[in-house]
Amino acid sequence: MIVPVRNAAAVVESQLAALSEQDHEGPWEVVVVDNGSTDGTADVVARWAHRLPDLRVVRHEPPGVNGARNAGARAANGELLLYCDADDAATTGWLAAMARAASRADVVGGYLDSTALNSERVRTSRSPHPADRLPVVMSFLPYAVGANMGVRTEVFRALGGFDESYTAGGGDDVEFSVRAQLMGCSVAFAPDAVMRYRLRDRMWSLARQQVGYGRGDAKLLKDFREHGMRASGTSSALADWLKLVRRAPVLASSDRGPWVCRFAWRLGRLLGSAEQRVWCP
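Just so it is clear, the model here is predicted, and its values are computed rather than measured.

Conventions we followed
Residues numbered from 1 in each chain as written. Predicted model: local features only at pLDDT ≥ 70, side-chain atom pairs only at ≥ 80, totals over all residues. Heavy atoms only, no water. Buried < 20%, exposed > 50% of the residue type's maximum accessible area, 1.4 Å probe, protein only. Helix = DSSP H or I, 4+ residues; strand = E, 2+ residues; numbered from the N terminus. Pairing = 2+ DSSP bridges. Contact = heavy atoms within 4.5 Å. Lys, Arg positive; Asp, Glu negative; His and termini not counted. Salt bridge = Lys/Arg side-chain N within 4 Å of Asp/Glu carboxyl O. Polar contact = N/O pair within 3.5 Å; in protein donor to acceptor, adjacent residues only side chain to side chain.

A. Inspection of the pairing of strand β6 (residues 107-113) at higher detail. Across the seven residues that make up β6, a large majority, seven, are buried. By the bridge criterion, three bridges tie β6 to strand β9 (residues 148-152) in an arrangement that is antiparallel. Bridge pairing links Gly109 to Met149 in β9. One ladder, built from seven bridges, connects β6 with strand β10 (residues 187-196); its direction is parallel. Counted as the bridge partner of Leu112 is Met195 from β10.

B. Here's a closer look at the side chain of Gln210. When you line up the elements, Gln210 lands in helix α8 (residues 203-224). Discounting residues that sit within four places of it in the chain, Gln210 has contacts with Arg126, Cys261, Ala264 and Trp265.

C. Layout of the side chain of Asp88. In this structure, Asp88 sits in the loop between β4 (80-84) and β5 (89-90). For the buried residue Asp88, which engages in no salt bridge, the nearest side chain bearing the opposite charge is Arg198, 5.4 Å off. Polar side-chain contacts of Asp88 include one of 2.8 Å to the backbone nitrogen of Arg198. When sequence neighbours within four positions are dropped, the list of residues in contact with Asp88 reads Ser14, Gln15, Leu117, Ala147, Met195, Arg196, Tyr197 and Arg198.

D. Highlighting the pattern of salt bridges. For the coordinates displayed, the defined rule picks out 13 salt bridges. Across the pair Arg56 and Glu29 runs a salt bridge whose closest N-O atoms are separated by 3.0 Å. Of this pair, Arg56 sits in strand β3 (residues 55-59) while Glu29 sits in the loop between α1 (12-20) and β2 (30-34), placing them 27 residues apart in sequence. Exposure remark for Arg56: the relative accessible area of 23% places this residue in the partly exposed category. Among the residues examined, Glu29 registers a relative accessible area of 9% and is labelled buried. Asp172 serves as the salt-bridge partner of Arg69, at 2.9 Å between the closest nitrogen and oxygen. Placement of Arg69 in helix α3 (residues 65-75) and of Asp172 in helix α7 (residues 172-182) is noted, with a sequence separation of 103 residues between them.

In structure tokens, the structure reads:
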């Protein structure tokens, strides 16, 4: 199990506590990848060594989640690599469910439950993840989210790991699943592998994340358009922008979260289009 962390001292203990309660009966390990923390995250993690099997911290710099994921894979010893985030909390049966699903597929993704750790205000700012399937990128292919992902080690190595050129804050996990499928690997949903998913609760942080997602979409389109990936059309994007303009007065209310997310994502797509020299409206 691999947990990338960066300045997560305030939240990582919640995830470590959840991992310590897993009901999986086979051998397993926890590799925490400290991706340049400056807040004492490694010291907090070390305090859990007596409660988690083979817990160890490895360091990786420069900052970058895919670099940290790859560093964790290099340090891991098992036949199955499971990924989760430091600020979430696995349910008790998460590990066992992921292991079962991985016996039937090369890459697996579990369900992200955004209800347990977030207020209603935060939850309504973003669309929930589907409970019956994996999300699909641009109506193209399904993908496993990096916060709840598993891949067999031999498959990971054959694919060459995560693409470390994804640094905009979006698309980093999507790219891996799409590339895996294009190379003939199977990707499956594990509905019983439930991860309690923590959303950003500050509007500026949430907006910055959505900009990253939009920029990531543009890079994904550039990398996979020759394989059939398509973005929404210009007319659809213009209609969406017009709707945003008309609903701009909502910014003065407490219900502004969905508007901010949509605006930031659309802005990210425009920025990404310029960066990648591809039209992703």
